[in-house]
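Listed below are the residues making up each chain.
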Amino acid sequence: MYDSRYGRQVNAIKLTNNSIAHISPLVAIKDLPIQTLDLKFNRIKHPASLRPLKGCGINELYIEGNGIVDVPGYVDVLKEYFPNVLKIDSTFLGSLARKQTQVSAPARIGGDDEVEVTSAGEIYSCVNGIVEDANTFKKFKFNTKWHMVVVVHDGRYDKGEVLDALATMLDGFDFYPCYYKTYSKQDEFFVINCYEALAHLVQAKLALRMKNTNELISVVLKMNVADFKEGQVVVEEKLNNCLVDRFNDRCLDLCSLQQHLDKIKFVDFTARSTRTLSRILSIAGKKFGPVCLVIRLRNNGLKNLQALSALFGFPKLMSLDLRYNEVRFGALYSKIIFALGNCPTSGTIQRQIALVKQLTLAAPAPVATQLEVIGGGAHLGARKQRIATGRVARVDAVLARSVHVALAKLSTFDDLQGVMKNKIKELFLDNNPVCNAAASTIDYIRHVRNHFSSIERLDGMPLLESGNVNFAQNYICTPEAYKFTESFVKHYYTIYDSFQRSSLRDLYHAKAQFSMTCNFGQSKTMDSHQVRLNAYQGKSRNLLKIANVDRIISSLVVGNERIANVLVSFPKTEHDFYSFRVDTPIFRPECVVITVHGAFKEMANSLLSDDFVLGFTRTFYIQPCAKGLGIFERAIEFKIFNDVFHMYTLSTYGRDQVFKHHDEPEQSDPFVPHSEERENTIIVFQELTRLTRKWCMRCLEESSWNLKVALNIFLKLYEEDRIPESGFDSATAAAAAASTQTQKR
């Protein structure tokens, strides 16, 4: 509502995030001296909606996050309604805009002409803790000239440290140092169109706090030192160049963006800066937004998610990747600053502490948040008091109204207000501090779903309708362990299922230990299956069922040769890789632990007997034993030091679920023929050996479908009398084998 008692004192109105669709109630402000009108993130769909305010003398208009920005030519319509407007969102419409339009012409894209200082400018510096004429600084609000910033460091800090400190202090502002020059005692650079950032510096008494030493160094501002000229740096053009080759297959890849930004000449950008990332996303939204489905923002050092308010320009966005950043819960931030100087009820420090405790957000029990209470009143001066807060159940709304809580730089999920209504179905947040903040998985998912209501997959895992994580087939503790685990499991079990199982001795350390246990259901009849199971029972080392101490000791197999002999004594097997569940809970330079759960079938030793399926769990303890190997002397040799093998009988349901997949060999493997070629190979091999199709398949699969190797395998098996008579098609098998030997010679 409009109150005429205060109307003449108002020069700015902020109405962000109020779901405003109609402007008619704001007609009362037309006669007020309003300079700034902020309508960001509402529901204004068309420029015509602002017609009731036509003629209002505003200089700044913010409409980002409304459907109006998707209407072609909306800027021209707004300029007609508001003839005095100089800035719409981040775009200046004065003389600077006309010059920048000329600069962006094809002949002058990315102009890098130096700034020629034509005036000493108006100088602002801090002397004895006071910035002279600070109250006059607001006259530069709509200024479009170059300003010089001088950072006096006396040679104690380099460019990187200065830029890092500036990025931290001015994270929420447009601030882009241009034409940076370093000197022995100070650094200098130019800025343009950044009044809010410079005003913040003036308010901070032109003092810049360095990150590592916590020292305050002085900053000097020289305002209006040069006019903007055609051919000089245009920040928008530089940011636009960042998107070159970053969009492919409907995916916007902004991972490790700082590496790209560091290559840009004459402007220094910081990828983790909220405003920098927000502007990049806004530019990308205009270019790729309507068709973009995936955005990746990994490895950008993001500490908050305020920049994601720019995602309104991506209406079809389905997947968002924020892995490997520094996103935190606001309640877990290490230091929260409460400015209590204007609180009329805080007569003592004890009273201030009580207010802080009332306002503190509830945090998980083991976390204690450290607060810094800064007194601003005359009775407190610069005195500071540090306290540690405990768990607080609620916020006292009455006290909250009398205290200003400075939470502008907190990293919290509440910063996602710009993407509250979205269609994102997949989100990656792992490897951020926020992942460890929630008390439980359910709590973590609940926080995420508050802002991503349509999410179906979180951190690569599907979510159930109940809100919990779906069953995870594998647990790999770190991404670096994926390749190692995959290579080891595939290599070990491929050899185990082959005719060369004895070569597994090379994977075990000379002093490795192996033990196995069995848990088989007892059968009342001694059938062929039970006989085969009893063979495993003889090597079982179930300590709960063995009373003989000597057997407990002797059943522990020590040494790679003895382990290989035990493994070779087991019947030929085939493991179902699709049944595998692999866990790697430990992956360190000094050791790796891999646990494999799955199923295998023991191959029938004749056609009269059947294959039978068993379940197993196997844990390998692996350590490096040699380094500096290979051509480049960088390889590391790992050996198995401990192998614990458990076998058990599968349930009826379990047996029905395994060995259902029969994938075609990967076409990328040049040594494996396609289906038609394999069928021809089987026919030729069967004609040469007179084996049944089943035995032909065994030999050919063992040889990776190499006919010559398969013939050698056949001869070896035949000479060792390991092929039963039922494995041959006819009584001419011996003649066929002899013929094959002749051909080989």
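Worth saying up front: this structure is predicted, and the values here are computed from it rather than measured.

Asker: I would appreciate a short explanation of the confidence of the model for the protein in the present structure.
Answerer: As a general rule, the predicted coordinates of low-pLDDT regions are not to be interpreted in detail. Confidence in the prediction for the protein averages 76 pLDDT; 74% of positions are at 70 or higher. Segment residues 1-8: pLDDT under 50, and eight contacts once partners within four positions in sequence are set aside and those in other chains are kept.

Asker: Could you clarify how one ought to interpret the packing of helix α18 (residues 693-702) against helix α19 (residues 707-719) in this entry?
Answerer: For any two helices packed against each other, one specifies the crossing angle of their axes together with the interaxial distance. Between α18 and α19, the least distance of the axes is 8 Å, while the angle of their chain directions is 120 degrees. Taken as axis vectors, α18 and α19 run oblique relative to one another. Considering how the two elements wind past one another, α18 and α19 form a crossing that is right-handed. Here α18 contributes Trp695, Cys699, Leu700 and Glu702 to the contact with α19, which in turn contributes Leu707, Ala710, Ile713, Phe714 and Leu717. A class-by-class count of the residues in the contact of α18 with α19 yields eight nonpolar, no polar and one charged.

Asker: Please explain the environment of Cys292 as it appears in this structure.
Answerer: Along the chain, the position of Cys292 falls in the loop between α8 (274-288) and β16 (294-296). On a C-alpha basis, the gap between Cys292 and Ser319 in space is 9.7 Å, while along the polypeptide they are 27 residues apart. The residues touching Cys292, leaving out its near neighbours within four places in the chain, are Phe247, Arg250, Leu252, Phe314, Lys316 and Leu317.

Asker: Is there a simple way to think about the packing of aromatic side chains in this case?
Answerer: In this structure the tally under the stated criterion is 33 aromatic pairs. Geometrically, the ring pair formed by Tyr124 and Phe140 is edge-to-face, given 6.0 Å between the ring centres and 85 degrees between the ring planes. Taken together, the residues Tyr124 in strand β6 (residues 122-124) and Phe140 in the loop between β8 (130-131) and β9 (146-152) connect sequence positions 16 residues apart. Each member of the pair, Tyr124 as well as Phe140, carries the same accessibility label: buried. For the pair Trp146 and Phe190, a centre-to-centre distance of 6.4 Å together with 75 degrees between the ring planes defines the contact as edge-to-face. Residue Trp146 is found in strand β9, and its partner Phe190 is found in strand β11 (residues 186-191); the two are separated by 44 residues along the sequence. Put simply, the rings of Phe488, Tyr492, Tyr493, Tyr496, Tyr508, Phe577, Phe580, Phe600, Phe616, Phe620 and Phe645 touch in pairs and so form one group of aromatic residues. Sitting over the face of the ring of Phe428, Arg323 holds its NZ or CZ atom 4.2 Å from the ring centroid.

Calculation rules
- Residues numbered from 1 in each chain as written.
- Predicted model: local features only at pLDDT ≥ 70, side-chain atom pairs only at ≥ 80, totals over all residues.
- Heavy atoms only, no water.
- pLDDT = per-residue confidence, 0-100.
- Contact = heavy atoms within 4.5 Å.
- Axes fitted to C-alpha atoms, helices over the stretch in contact; angles between N-to-C directions.
- Helix = DSSP H or I, 4+ residues; strand = E, 2+ residues; numbered from the N terminus.
- Parallel < 35°, antiparallel > 145°, perpendicular 65-115°, else oblique.
- Left-handed = near helix turned anticlockwise from the far one by under 90°.
- Nonpolar A, V, L, I, M, F, W, Y, C, P; charged D, E, K, R; others polar.
- Phe/Tyr/Trp six-rings, centres within 6.5 Å; stacked < 30°, edge-to-face > 60°.
- Buried < 20%, exposed > 50% of the residue type's maximum accessible area, 1.4 Å probe, protein only.
- Lys NZ or Arg CZ within 6 Å of the ring centre and 35° of its normal.

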